Amino acid sequence: MIVVFEPWQLAAMDESGAFGIRQKHIDAVAEEVLRMGITEVSRQDFDNACWNCHIDPNNFTQADLDRLQERLNE
């Protein structure tokens with residue numbers, strides 16, 4: 001069975017990080033966390049920041065989380 005996606009569906013999947021987390025995803029979540037004004041980020045805070053950016057938090061690998069931490073520490 002072949003599944004065909006419309007271009008808008010592929011774009012939405014890409015924006016959610018389904019094809020991998022890129023720097024734009026890291027930056028968006030970092031900006032959301034910074035906007036929240038917190039200094040210690042819980043898992044719930046991280047999830048909320050991701051969902052507010054329309055990014056699935058389950059798409060983050062440990063390496064992505066490390067990059068996010070580095071971005072937040074700048």
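Before reading on, note that the structure itself is shown above.
A brief look at the structure comes next. Here the residue numbering is sequential within each chain, running from 1 through the sequence in written order. Local features in this predicted model are restricted to residues whose pLDDT is 70 or higher, and side-chain atom pairs enter the listing and the counts only when it is 80 or higher, whereas totals over whole chains, interfaces and linings include all residues. Side-chain calculation: all heavy atoms of the structure are included, whereas hydrogens and water are not.

**Structural notes on the layout of surface pockets**
Logical step 1: Only protein atoms enter the 1 Å grid used here, on which a cavity is any set of points holding a 1.4 Å probe that cannot leave and a pocket is any open set flanked by protein within 12 Å on both sides along at least five of seven lines; residues with an atom within 4 Å of a point are listed as lining. Grid points are joined across faces, edges and corners, and a volume is the space filled by probe spheres set on the points. In this structure, the largest pocket spans a volume of roughly 200 Å³.
Logical step 2: Lining the largest pocket are Val33, Val41, Ser42, Arg43, Phe46, Gln62, Leu65, Asp66, Leu68, Gln69, Leu72 and Asn73.
Logical step 3: Only α3 (43–52) and α4 (62–72) provide two or more residues apiece to the lining of the largest pocket.
Logical step 4: The greatest single-element share of the lining of the largest pocket, amounting to six residues, is contributed by α4.
Logical step 5: Residues are grouped as follows: nonpolar covers Ala, Val, Leu, Ile, Met, Phe, Trp, Tyr, Cys and Pro; charged covers Asp, Glu, Lys and Arg; every other residue, Gly included, is treated as polar. Looking at the lining of the largest pocket, its residues break down into six nonpolar, four polar and two charged. Numbering of helices and strands runs from the N terminus, with a helix taken as a DSSP run of H or I at least four residues long and a strand as a DSSP run of E at least two residues long.

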